[in-house]
Amino acid sequence: MTSQHFRSCNLCEAMCGIVVEYDQNTILSIKGDKDDPFSRGHICPKATALQDIYEDPDRLKHPVRRTADGWEEISWEEAFDDVEHNLKRIQEAYGSDSVGVYLGNPNVHNLGSILYTGPFVRSLRTRNRFSASSVDQYPHHFAAYFMFGHQLLLPIPDIDRTRFMLILGANPLASNGSLMTAPDVENRLKAIQKRGGKVIVVDPRRTRTAQLADQHHFIRPGSDALLLAALIHTIFAEGLDNLGRLADFTDGVEQLREIVAPFTPETVTAPTGIPAEDIIQLARNFAAAESAVCYGRVGVSTQEFGGLCNWLINALNIITGNLDCPGGAMFTLPAVDVVGFTSLIGSTGSYGRWKSRVRGLPEFMGELPVAVLGEELTTPGEGQIKAMVTIAGNPVLSTPNGAQVDEGLAGLEYMVAIDIYINETTRHANIILPPTTGLETEHYDLVFHVLAVRNTTKYAGALMPPSDGAMHDWQILQELRQRMQKGTRFEGRQDFFSRFSPSQLIDLAVRYGPYGNWGTPAMIGEGIRLRDLKDNPHGIDLGPLVPVLPQRLTTDNGKINLAPQIFREDVARLIVQMEESRTASANGFDLALIGRRHVRSNNSWMHNSERLTKGKNRCTLLIHSDDAAARNLTDGETVVVQSRVGCLEVEVEITDNIMPGVVSLPHGYGHDRDGVQLTVARQKPGVSINDLTDDQKIDVLTGNAAFSGVMVKVSTKN
Ligand SMILES: Nc1nc2c(c(=O)[nH]1)N[C@H]1C(S)=C(S)[C@@H](COP(=O)(O)OP(=O)(O)OC[C@H]3O[C@@H](n4cnc5c(=O)[nH]c(N)nc54)[C@H](O)[C@@H]3O)O[C@H]1N2
Ligand SMILES: Nc1nc2c(c(=O)[nH]1)N[C@H]1C(S)=C(S)[C@@H](COP(=O)(O)OP(=O)(O)OC[C@H]3O[C@@H](n4cnc5c(=O)[nH]c(N)nc54)[C@H](O)[C@@H]3O)O[C@H]1N2
Ligand code: SF4
Ligand SMILES: [Mo]
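Let me begin by describing the structure that accompanies this report. (Residues numbered from 1 in each chain as written. Chains lettered and ligands numbered in written order. Predicted model: local features only at pLDDT ≥ 70, side-chain atom pairs only at ≥ 80, totals over all residues. Heavy atoms only, no water.)

## Quick look at the site of ligand 1
Logical step 1: Around ligand 1 sit 29 residues in total, of which Y102, N105, S398, D419 and S604 are the nearest.
Logical step 2: Within the contact set of ligand 1, an oxygen atom lies 2.8 Å away from a side-chain nitrogen or oxygen of N423.
Logical step 3: Interatomic distance of 2.5 Å between a side-chain N/O atom of S604 and an oxygen atom of ligand 1.
Logical step 4: Of the residues that make up the shell around ligand 1, three or more belong to each of domain 2 (64-137 + 342-439 + 475-485) and domain 5 (583-716). (Near = heavy atom within 4 Å. Polar contact = N/O pair within 3.5 Å; in protein donor to acceptor, adjacent residues only side chain to side chain. Domains from an automatic or database assignment.)

## Description of the side chain of Q485
Logical step 1: As for its placement among the helices and strands, Q485 is situated in helix 18 (residues 473-485).
Logical step 2: A polar atom in the side chain of Q485 sits 2.8 Å from the side chain of R481.
Logical step 3: Contacts of Q485, omitting those with residues within four sequence positions, involve S123, F490, E491 and R493. (Helix = DSSP H or I, 4+ residues; strand = E, 2+ residues; numbered from the N terminus. Contact = heavy atoms within 4.5 Å.)

## Thoughts on the sheet that holds strand 7 (residues 129-131)
Logical step 1: Pairing is mixed in the open sheet, where seven strands are placed in the order 5-4-19-18-17-6-7. The open sheet has two free edges, formed respectively by strand 5 (70-73) and strand 7, since each of these has just one partner strand. Averaged over all adjacent pairs, the angle separating strand axes in this sheet is 20°, with direction ignored.
Logical step 2: Here five bridges tie strand 6 (residues 99-103) to strand 17 (residues 387-391), and the two strands are oriented parallel to one another. In the sheet register, V101 faces strand 17, and the bridge partner there is V389. (Pairing = 2+ DSSP bridges. Axes fitted to C-alpha atoms, helices over the stretch in contact; angles between N-to-C directions.)

## Remarks on helix 4 (residues 138-148)
Three or four residues apart is the spacing at which side chains of an α-helix point the same way, because the helix has 3.6 residues per turn.
Logical step 1: Most of helix 4 is tucked away, with eleven of its eleven residues classed as buried.
Logical step 2: Regarding helix 4, the residues found buried are Y138, P139, H140, H141, F142, A143, A144, Y145, F146, M147 and F148.
Logical step 3: Backbone geometry just after helix 4 places G149 at a positive phi near 90°. (Buried < 20%, exposed > 50% of the residue type's maximum accessible area, 1.4 Å probe, protein only.)

## Re the sheet that holds strand 1 (residues 3-8)
Logical step 1: The three strands are arranged 1-2-3 in an open sheet whose pairing can be described as antiparallel. Two strands in the sheet have a free side with no partner beyond their single neighbour: strand 1 and strand 3 (26-32). Here the average twist between neighbouring strands, direction ignored, is 25°.
Logical step 2: Here six bridges tie strand 2 (residues 17-23) to strand 3, and the two strands are oriented antiparallel to one another. Counterpart to Y22 in the pairing with strand 3 is I27.

## Focus on the environment of P204
Logical step 1: Positionally, P204 belongs in the loop between strand 10 (198-202) and helix 7 (208-212).
Logical step 2: Its relative accessible area of 12% is what places P204 among the buried residues.
Logical step 3: Taking the C-alpha atoms as reference points, P204 and Y669, 465 residues apart in sequence, are found 22 Å from one another.
Logical step 4: The contacts of P204, once residues within four sequence positions are left out, are F218, I219, P221, I594, I658, M659 and V662.

## Structural notes on the pairing of strand 13 (residues 293-296)
Along a regular strand, successive side chains alternate from one face of the sheet to the other.
Logical step 1: Judged by which residues are buried, strand 13 turns out to be covered on both faces: V293 and Y295 on one side and C294 and G296 on the other are all buried.
Logical step 2: Bridge count between strand 9 (residues 164-168) and strand 13: four bridges; the pairing is parallel. Of the residues in strand 13, the one forming a bridge with M165 is V293.

## Section: the site of ligand 2
Logical step 1: Taken together, 31 residues form the shell around ligand 2, and within it S175, D203, D224, S601 and N603 come nearest.
Logical step 2: Taking V202, its main chain carries an N or O atom lying 3.1 Å from a nitrogen atom of ligand 2.
Logical step 3: For ligand 2, a nitrogen atom lies 2.7 Å from a polar atom in the side chain of D224.
Logical step 4: For ligand 2, whose free accessible area comes to 920 Å², the fraction covered by protein is 97%.
Logical step 5: When residues of the shell around ligand 2 are traced back to their parent elements, those giving at least two are helix 5 (172-175) and helix 12 (298-301).
Logical step 6: Considering every element that reaches the shell around ligand 2, the biggest residue donor is helix 5, with three residues.
Logical step 7: Across the shell around ligand 2, the residue classes tally to ten nonpolar, 14 polar and seven charged. (Areas by Shrake-Rupley, 256 points an atom, 1.4 Å probe, with all protein chains shown as cover. Nonpolar A, V, L, I, M, F, W, Y, C, P; charged D, E, K, R; others polar.)

## Concerning helix 2 (residues 76-94)
Logical step 1: Across its 19 residues, helix 2 extends 27 Å between first and last C-alpha, which sits within 8% of the 27 Å expected from 1.5 Å per residue.
Logical step 2: All of the buried residues in helix 2 are W76, A79, F80, D82, V83, E84, N86, L87, K88, I90 and Q91.
Logical step 3: Its buried side turned inward, helix 2 meets strand 4 (64-67), strand 6, strand 17, strand 18 (414-418), strand 19 (431-433) and helix 18.
Logical step 4: Downstream of helix 2 by one or two residues, G95 has phi in the positive range, about 95°. (Expected span 1.5 Å × (residues − 1).)

## Some remarks on the state of the cysteines
Logical step 1: On inspection of all chains with the given rule, the structure shows zero disulfides.
Logical step 2: C647 carries a free sulfur, and the closest cysteine sulfur to it, the one in C619, is 15 Å from it. (Disulfide = S-S within 2.5 Å.)

## Quick look at the packing of helix 2 against helix 18
How two helices sit against one another is set out by the angle between their axes and by the gap between those axes.
Logical step 1: Contact pair helix 2 / helix 18: the axes reach a minimum separation of 10 Å and the direction vectors enclose 45°. What the angle tells us is that helix 2 and helix 18 run oblique. Along this stretch, helix 2 crosses helix 18, giving a crossing that reads as right-handed. Residues W76, E77, F80, D81, V83, E84, L87, K88 and Q91 of helix 2 pack against I476, E479, L480, R483 and M484 of helix 18.
Logical step 2: Its residues assigned to classes, the contact of helix 2 with helix 18 shows seven nonpolar, one polar and six charged. (Parallel < 35°, antiparallel > 145°, perpendicular 65-115°, else oblique. Left-handed = near helix turned anticlockwise from the far one by under 90°.)

## Quick look at the pattern of salt bridges
Logical step 1: If you walk through the whole model with that rule in mind, you get 44 salt bridges.
Logical step 2: Of the charged contacts, one joins R161 and D158 as a salt bridge, the two residues approaching to 2.8 Å between their closest N and O atoms.
Logical step 3: Residue class for D158 comes out buried when judged on its relative accessible area of 2%.
Logical step 4: Residues joined by salt bridges that share partners form a network here, namely E77, D81, E84, K88, E479, R483 and K486. (Salt bridge = Lys/Arg side-chain N within 4 Å of Asp/Glu carboxyl O.)

So, in structure tokens, the structure goes:
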């Protein structure tokens, strides 16, 4: 008998509603759910791959132990004993920081993981905590923390109402949107144009998003902060600034005006590659629009000025009165009010509480920048990491100078991975603990409702029963936490999260939230409970984003800090960038490397789906025809790409859709390493861009990896 199940796809940030047709344990089809009020039936090609993940014969179903003769299946009890024994042994011998932990991206797409990784990681009592955040959106949190007082108070573009959207370093037509949960983003962007508005894209590559836009400007990788400073300069210089109601609770306007004074459109033209008249016109159009929003993402976050870019993006929105108002950058008010709850308990963020051992980079958000992981693993001495725990992460393919991390993991005394595959990272583990995933888990988007362009809420139970004896991520994390606490003063202690299951926690959080009947300031007070979510399997629409300032601000004086000292100090670096010629290169490294995403791929872990990977090779090096001609390259030939840290061979793809002087490779490939058990992915392994990216090239301010603009040289293979 055919039945239907409704949920949201958990693969990217878009939260598309899906309808799964199934017969007992067999999936018959996965389609877009037309009755989901938010996604309106939209899905991308990845949604159907949820079935491939569910059925993947390479997916681990039992704990495994690495032995000299390969992997052997062991019982959960044996696996947990082994992990407990070894982590404790190593911490006793070398101190608690000798165990490092890395959290990967799928954790934030998994309800149980979000709730229970915190308590487990705390039970490790280590300062060597890392996550994918510092190869991604760290600078966004940094700007939010210092400007608004809360690291999670991220402004989201009000795409459905704006009249002018300036997009820097994002390609939502491939990524489906990030820090902007907006299912069917393509039609949402087209709707801006239909209502007479404009979409402008600034990107070193003419992406699909750039092609849809009314205007596209090429920009030299890593120079966006200069463009932003010049836009703000022009707005002040021409008296176009108008904070509107924000003026009452914004500090630092004069300081900002002073600090952008040197950045005239003319002075930034050479380093950015954008003509001064275009910058001036862009500033005028932005300021004149009925509503406008500047939105930046990975391209302006994973670069040497990621912190400054995110500060200046917020600043541009603020000085034109486009923060916290319809059509601008707004804050969400989700049914589970993560920002509200954490503000109540004073948990708004942290910075600089400790430093990394080797390079001395400061902690931010309770973790260290993962760009230091490689050196922390490979540099001997007191405090060296001797054991690692990875949870839903693949740092070998995802972090800068991944080869160094690879080598470091190979040299560990012990490693445990909570993961569904034996891949480039987990092959180094002694024990892998495989959780249920995707359709086998209950789902609530704790994170992505906080980042969504509308306030909506949706819950789904698990569709498929776990295979024999399988455990959910949260159950594994709970068991490990209890074991790590055994024999310490925390033994047997239940923290708040441990007393409830994930769905009980959601019920409590929704009831106490802004739409729940126990809500403290019952702002809307519709009395939503988990039961209502279950009764509305397509999700509940709670309306467009609403202004929430100044109440939401958690800065000391309750005001927006438009010019925090920490950013003002970093501007000295930007001046140097403006004065140096960035195009000149040392040692023949004359091309700037950037990344890219494809709609049929997802970071490093979805290349094992036949239907997603079929077709032509996507792991190619894009190069402009002038640069190809200068090197005598022909389309499709294999070239050698070299950077300071590494060298690889890859097929070249000649195009005029990339800026001269720039080359692009996607990330997440390089699956042909020894021991990787991904049958389909190995057939088209590709190469890893992060064997070229540089662990020493970071945004010095935030510690985030600077992938964009790594200098390389490209030559024919002879
Ligand atoms: N050069 C370059 N590098 C980049 C980027 C770039 O643009 N350029 N992008 C960066 C960004 S934005 C990110 S977010 C990172 C991602 O970096 P990571 O998070 O380190 O890598 P993923 O590829 O997301 O790997 C996810 C891992 O989780 C496992 N997994 C999948 N589902 C589950 C589950 O339900 N439970 C558990 N326990 N495990 C699961 C997969 O098998 C895989 O091992 O990469 C970054 N690296
Ligand atoms: N299909 C698919 N969807 C995904 C993912 C995936 O791997 N595949 N990953 C998910 C994750 S983890 C994330 S974080 C999001 C990311 O979502 P997006 O930020 O939209 O990701 P990208 O498509 O990499 O877009 C980044 C753009 O920045 C440009 N760029 C590079 N350097 C610079 C620069 O210096 N300046 C400017 N202005 N632009 C620059 C690149 O050319 C690229 O077009 O996508 C998510 N969605
Ligand atoms: S855009 Fe694709 S991967 Fe992202 S949630 Fe929607 S269906 Fe899933
Ligand atoms: Mo990401």
